[in-house]
Amino acid sequence: RQRNMLATLFLSQGTPMLLAGDEIANSQQGNNNAYCQDSPIGWLDWESMDVDLSAFVGELSRFRKAHPCLSQPRFLHGKLRESGDPDVKWTDFEQNEVNWDDPDVSRFCLTVRGSAEVSASADDAEVVVLIFNRDEEGVGVVLPVAPEGFGWVCGLSTASCDSEAGVSASGDVFWVGGASVVALVPVCAQDG
């Protein structure tokens, strides 16, 4: 869950805001105003540091920096870009529009491209598909159409990319583990 929440933060538009210690799984034991206490509640517990979580936060930061569409200065509206693709699109796991009125919505995809408000000089292959699966069981996801000449590859996963690695063509089904967040990026089809 910590990885899922941190991934959601780093894959969102805007500036990621971490409280010191979030990256090492530090806890204030539920205290939301520990800043006014000079006690172990407000101190960072370096001895209990989660080294793996800290490394994952570094991976999230590198991934965000490598994909500019994740940190744009303009708001995304779902408007069509010059390529004909929307700058942002929410879909279910079958690539249909998400029914936000359904109280049981627990998994969806988000495809993010450069803002439609920016000129066509932006690279059309700069796109990230984010997959959010809150369900405990894994499930297949129908992939959206990749940029021409490209396929999808797992760039980031809160579970593990090992079982999900490899290039998949558009329309293929991609397996996503339970309770996880995955980011797919395009890779030249002949490289895969």
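It should be emphasised that the depicted structure is a prediction, and the values quoted were computed from it without experimental measurement.

**Q** Sorry, what's going on with helix H1 (residues 2-10) here?
**A** Since the α-helix advances by 3.6 residues per turn, residues separated by three or four positions end up pointing in the same direction. Every buried residue of H1 is listed here: Asn4, Leu6, Ala7 and Phe10. End-on view of H1: buried residues confined to an arc of 170°, all on one side of the axis. The secondary structure elements touched by the buried residues of H1 are helix H2 (51-66) and strand S7 (180-188).

**Q** Would you take a moment to explain the sheet that holds strand S3 (residues 127-133) for this structure?
**A** Adjacent strands of a sheet pair through backbone hydrogen bonds, lying either parallel or antiparallel. In spatial order, the strands read S1-S2-S3-S7-S5; together these 5 strands make up an open sheet with antiparallel pairing. Two strands in the sheet have a free side with no partner beyond their single neighbour: strand S1 (88-91) and strand S5 (150-157). On average, each strand axis in the sheet is tilted by 20° relative to the strand beside it, whichever way the strands run. Relative to S7, S5 runs antiparallel, the two being bridged by 7 bridges. Within S7, the position partnered with Ser157 by the bridge is Val182. Packed on one face of the sheet, H2 meets S3, S5 and S7 and runs near 145° to S5.

**Q** Mind showing me how you'd approach the pattern of salt bridges here?
**A** Taken as a whole, this structure holds 3 salt bridges when the rule is applied. Residues Arg113 and Asp85 are paired through a salt bridge, measuring 3.7 Å at the closest nitrogen-oxygen approach. In this pair, Arg113 sits in strand S2 (residues 107-113) while Asp85 sits in the loop between H2 and S1, placing the two residues 28 residues apart along the sequence. A salt bridge links Asp135 to Arg107, with the shortest nitrogen-to-oxygen separation between them at 3.1 Å. A residue pair is termed long-range when its members are at least 10 positions apart, and Asp135 in the loop between S3 and strand S4 (139-142) and Arg107 in strand S2 qualify at 28 residues. Arg107 sits in the partly exposed class, given a relative accessible area of 30%.

Cut-offs and rules
Residues numbered from 1 in each chain as written. Predicted model: local features only at pLDDT ≥ 70, side-chain atom pairs only at ≥ 80, totals over all residues. Heavy atoms only, no water. Buried < 20%, exposed > 50% of the residue type's maximum accessible area, 1.4 Å probe, protein only. Helix = DSSP H or I, 4+ residues; strand = E, 2+ residues; numbered from the N terminus. Arc of directions from axis to C-beta. Contact = heavy atoms within 4.5 Å. Pairing = 2+ DSSP bridges. Axes fitted to C-alpha atoms, helices over the stretch in contact; angles between N-to-C directions. Salt bridge = Lys/Arg side-chain N within 4 Å of Asp/Glu carboxyl O.

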